[in-house]
Amino acid sequence: MTALGCLIGAWAWSSTTNTQEVLAARDTIHRGEVIDAEDVQRVRINGDPALSPLPASEYEEIVGQRAALDIAAGGLLTSESTADEPLPPRGQSIVGISLTPAQVPGMALYGGDKVRIIVTPGDNGEAPASSPQFTVAEVVATYVDETTGNTVVNVLVPYADAGVLAARAATGNVALVLDSGAE
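Residues numbered from 1 in each chain as written. Predicted model: local features only at pLDDT ≥ 70, side-chain atom pairs only at ≥ 80, totals over all residues. Heavy atoms only, no water.

## Details of the packing of aromatic side chains
Next up, step 1: For the structure on display, the rule yields zero aromatic pairs.
Next up, step 2: When the ring centre of Tyr 59 is taken as reference, the NZ or CZ atom of Arg 42 above it lies at 4.2 Å.
Next up, step 3: Above the face of the Phe 134 ring, Arg 116 is positioned so that its terminal group lies 5.6 Å from the ring centre. (Phe/Tyr/Trp six-rings, centres within 6.5 Å; stacked < 30°, edge-to-face > 60°. Lys NZ or Arg CZ within 6 Å of the ring centre and 35° of its normal.)

Below is the structure:
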């Protein structure tokens, strides 16, 4: 009788519990980063028709892909979490700009942030008049260079603007302005 009671209890519990094993971010994964094996973990959640997380069986397919958006630590991965297209996309380039604390906003920059890189006056006190005074860009990633203390901001710009921006950034005569993401 006890064994039959245990079997019925186990059956009742399993029939009313709808858990599934899905993929979640172990640490924050920033947009554009390649997803490594240690970035993803398998977790069990109660099924909910409003959620569409990737099943744990997709683990091998996710590792090595690029994050299409920022995924917070513990966030569930979905089919929209990754992108098949390379970074940078066709017709665009990524330019790295090393900025001192005075040249960058005092708040964290994240992938997808809209920015302008402004031409600042050079040693002679004048900005070049023959070219645009700023370049519109999108932040891909940032990090602090521990050697110099500068913030390196990788920005996505149209291919045609990349050369001019890289030359300006090399002189150090630029500043970065964070613009509103609301359109």
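Read on, since the account is not over.
## What to know about the pairing of strand β7 (residues 134-144)
Next up, step 1: Here strand β6 (residues 114-119) runs beside β7; their pairing, made up of five bridges, is antiparallel. Its bridge partner lying in β7, Ile 118 is registered against Phe 134.
Next up, step 2: Bridging between β7 and strand β8 (residues 151-158) involves six bridges; their strand directions are antiparallel. Residue pairing for β8: Ala 141 is matched across the bridge by Asn 154.
Next up, step 3: Counted between consecutive antiparallel strands, the loop separating β7 from β8 contains six residues, among which Gly 149 sits at a positive phi close to 85°. (Pairing = 2+ DSSP bridges. Helix = DSSP H or I, 4+ residues; strand = E, 2+ residues; numbered from the N terminus.)

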